[in-house]
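Analysis of the macromolecular model
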Amino acid sequence: MTANNCPKPPATELQIDPPVHGIKAMTGLGKTTFVLKILPQFLAEKQEGQAIYISVPTHLLADELAEKIRERFPDHPMRILTYRGLTADDPEQVGLKMCRISEDANDLRQGGADIRYLCGTKRDGEDILCPHYHECGYKRQQRMADIVIMPQNLLAFARPSFLYPACVLINDEFPVPALLTGLDGPARSVTLYDIRSSRTVPVSEGLYRTDKDATRFLEGVKSKIASAIEKVEPGKPIPLSAITNTGLTSSEILEARDFTLRCKKKITLTPDMTAGERQLEVTVAKDNKRLLMEVRFWGLIARALESKSKIIPGLRLEVDEKAEKRFLSVRLRWREEIHECWQVPTLLLDATANWDLYRPFWPNIDRTYEFDAATPHINIKQILWSAAKAKLLGKTETQQNNRSRIFKYIEARSTEFKSVLVICQKGLEEELARTSLPDNVVTGHFNGMRGIDKFGNVECLIVIGRPQPQPDHAEMFAELVFDEETVRGPEWDGSYYPNIKVGLNFQGENSGPAVKMEYHTDPNVEDARRSICEAELIQAIGRG
């Protein structure tokens with residue numbers, strides 16, 4: 001896999017998928033060192049006007065990797081950029097975001113606006129700039145670079161126009177959570193009222209003259225789909241048969257999507273608009289955001305029809321019982337696709353890789369390699385005590401006493417070692433930060449430490465608890481990744497995972513006691529659960 005085969009061939013030539021290779025190497029084995037070793041070759045072979053991209057899960061890892069590259073090649077003229085989005089913290093201005101009006105800019109972007117017009121434009125030959133233009137962190141990074149280190153969620157979107165096209169992509173650590181929209185964070189939903197309500201479709205986006213045929217068509221489709229979905233049991237997967245029984249085809253659903261998109265309102269932005277004028281456009285953008293979620297709704301139905309899935313993955317009918325009337329909405333979650341601009345020769349690096357979870361995103365993974373090593377000098381002590389959130393986070397006397405026990409344990413261990421790293425749930429880390437931890441103790445949390453090497457010399461690592469997902473969360477994860485309905489086997493006798501006995505091998509021996517382990521009976525969900533829990537524990541233990 002070399003950089004000079006990156007340019008896409010003309011459309012008349014045979015189209016061949018770029019190679020995708022995967023390397024699974026245990027933590028501490030030198031994946032970062034390997035990246036540093038191959039970078040000079042890629043830099044020598046890439047064409048002018050192209051860049052090498054490295055996608056990572058956190059900005060912390062991006063900054064650490066950039067610093068390692070600079071230290072390894074202090075005299076190399078390469079230009080390195082760690083890309084940050086509008087709402088990311090500005091590393092050079094504490095307490096500020098990359099865009100100084102990031103909240104409004106993000107609302108406007110989500111409403112379909114081209115926010116470049118907020119930054120600057122020409123009017124009568126004169127440059128009109130945003131008042132924050134010369135201090136803007138987002139604008140500061142708009143420079144050409146040979147190596148761009150970017151967050152993994154950018155893999156679903158087109159690259160920013162100010163960056164060179166990609167010739168090689170190196171993905172460092174597990175990217176799938178960043179590509180599942182709506183699984184975590186704010187809920188994305190469309191009300192049944194919005195699905196049913198008619199829209200007046202203009203002849204073209206931004207125009208006011210009505211397309212009567214399109215309006216009539218859209219009204220018919222919306223009525224059929226709303227009637228079908230309201231009959232579905234809330235909280236359960238929406239069967240595809242609910243849609244096929246309406247007689248609608250995927251092409252008709254896509255036509256409804258396109259007609260809905262025409263209804264998007266125009267947003268006008270200028271760099272010198274007042275805050276009040278900008279707020280008026282933000283209001284329009286928020287209306288557009290609701291409409292664009294409806295556009296996404298049609299797209300997800302069409303995709304399910306085309307794939308002939310038994311369900312519409314990620315969609316659930318939900319009931320809001322707090323409303324005075326029965327308030328129904330459809331919750332949306334979906335799997336992003338890798339944007340075409342990143343369809344280049346790709347190297348996937350992951351200490352805990354399960355390639356089955358990667359293939360829905362990179363179906364053309366053609367070679368995988370696995371490297372492991374013995375760890376005879378690591379001593380592990382396990383304390384059998386539940387560190388569940390419910391027992392640690394809260395204001396009850398029991399919860400406070402449990403946190404006190406943990407603090408005293410950390411304090412005691414800190415007297416035995418020069419340096420101690422504690423990794424735990426984020427909520428517990430925040431509680432520990434409110435205490436007076438010893439000076440030789442640093443903390444981190446699950447899902448924020450993958451790939452970080454700066455703690456490699458700590459003498460003692462304490463891992464508290466585990467990031468075990470609730471069964472319905474792991475099931476939705478698998479449903480989105482594999483586009484399949486998940487199934488609970490007969491072993492389930494309640495709402496939580498069943499147990500299975502597994503062997504625990506002691507170090508240096510081929511035998512050990514049998515222990516109980518929670519697992520999911522659906523293989524796809526078990527893959528998802530392990531990627532969230534055990535894989536994250538392995539990553540945490542590998543930081544020390």
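Nothing here was measured: the structure is a model prediction, and the numbers come from that model. (Residues numbered from 1 in each chain as written. Predicted model: local features only at pLDDT ≥ 70, side-chain atom pairs only at ≥ 80, totals over all residues. Heavy atoms only, no water.)

Judged by nonpolar contacts, the single largest core of 62 residues is most densely connected at Tyr53, Leu108, Trp342, Trp362 and Phe477. Those elements that provide at least two residues to this core are β2 (51-56), α3 (102-110), β6 (147-151), β7 (166-172), α10 (275-307), α11 (355-358), α15 (471-482) and α16 (523-532). Here the element with the most residues in this core is α15; it accounts for 7 residues. Sequence-distant contacts of Phe477, that is, excluding residues within four places in its chain, are made with Phe174, Val176, Pro177, Leu180, Leu183, Leu357, Ala528, Ser531 and Ile532. (Core = buried A, V, L, I, M, F, W, Y, C linked by side-chain atoms within 4.5 Å. Buried < 20%, exposed > 50% of the residue type's maximum accessible area, 1.4 Å probe, protein only. Helix = DSSP H or I, 4+ residues; strand = E, 2+ residues; numbered from the N terminus. Contact = heavy atoms within 4.5 Å.)

Before going further, it helps to spend a moment on the pattern of salt bridges. As enumerated under the stated definition, the model contains 40 salt bridges in all. Salt bridges here are not isolated pairs; linked through shared partners, they connect Asp90, Glu92, Arg100, Glu135 and Arg140. (Salt bridge = Lys/Arg side-chain N within 4 Å of Asp/Glu carboxyl O.)

Between two packed helices, the angle of one axis relative to the other and the distance separating the axes together describe the packing. Running from amino to carboxyl end, helix α7 (residues 212-229) crosses helix α9 (residues 250-262) at an angle of 120°, the nearest separation of the two axes being 10 Å. For the element pair α7 / α9, the angle class is oblique. The hand of the α7/α9 crossing is left-handed. Taken together, the residues of α9 that come into contact with α7 (itself represented by Ala214, Phe217, Leu218, Val221 and Ile225) are Glu252, Ile253, Glu255, Ala256, Phe259, Thr260 and Arg262. For the contact of α7 with α9, a count of residues per class yields 8 nonpolar, 1 polar and 3 charged. (Axes fitted to C-alpha atoms, helices over the stretch in contact; angles between N-to-C directions. Parallel < 35°, antiparallel > 145°, perpendicular 65-115°, else oblique. Left-handed = near helix turned anticlockwise from the far one by under 90°. Nonpolar A, V, L, I, M, F, W, Y, C, P; charged D, E, K, R; others polar.)

Next up on the list: the sheet that holds strand β14 (residues 346-350). An order of β3-β6-β2-β7-β14-β1-β15 is seen for the 7 strands of this open sheet, with the pairing classed as parallel. Two strands lie at the open edges of the sheet, namely β3 (80-82) and β15 (365-371), each paired on one side alone. Looking at each pair of strands side by side, their axes are set apart by 15° on average, direction ignored. Pairing geometry for β2 and β7, over 5 bridges, is parallel. Within the sheet, the bridge partner assigned to Ser55 lies in β7 and is Asn171. (Pairing = 2+ DSSP bridges.)

This brings us to the packing of α7 against α10. Between α7 and α10, the shortest axis-to-axis distance is 13 Å and the interhelical angle comes to 75°. Relative to α10, the element α7 is oriented roughly perpendicular. Packed against α7, whose contacting residues are Val221, Lys222, Ile225 and Ile229, the element α10 presents Glu294, Phe297, Trp298 and Ile301 at the interface.

Quick look at the sheet that holds strand β9 (residues 188-191) now. Spatially, the 4 strands line up as an open sheet ordered β9-β12-β11-β10, and their pairing is antiparallel. A strand with exactly one partner marks an edge of an open sheet, and here the two such strands are β9 and β10 (237-239). If you compare each strand with its neighbour and ignore which way they point, the axes differ by 45° on average. Pairing between strand β11 (residues 311-320) and strand β12 (residues 327-332): 5 bridges, direction antiparallel. Opposite Glu318, over in β12, you have Ser329 as the bridge partner.

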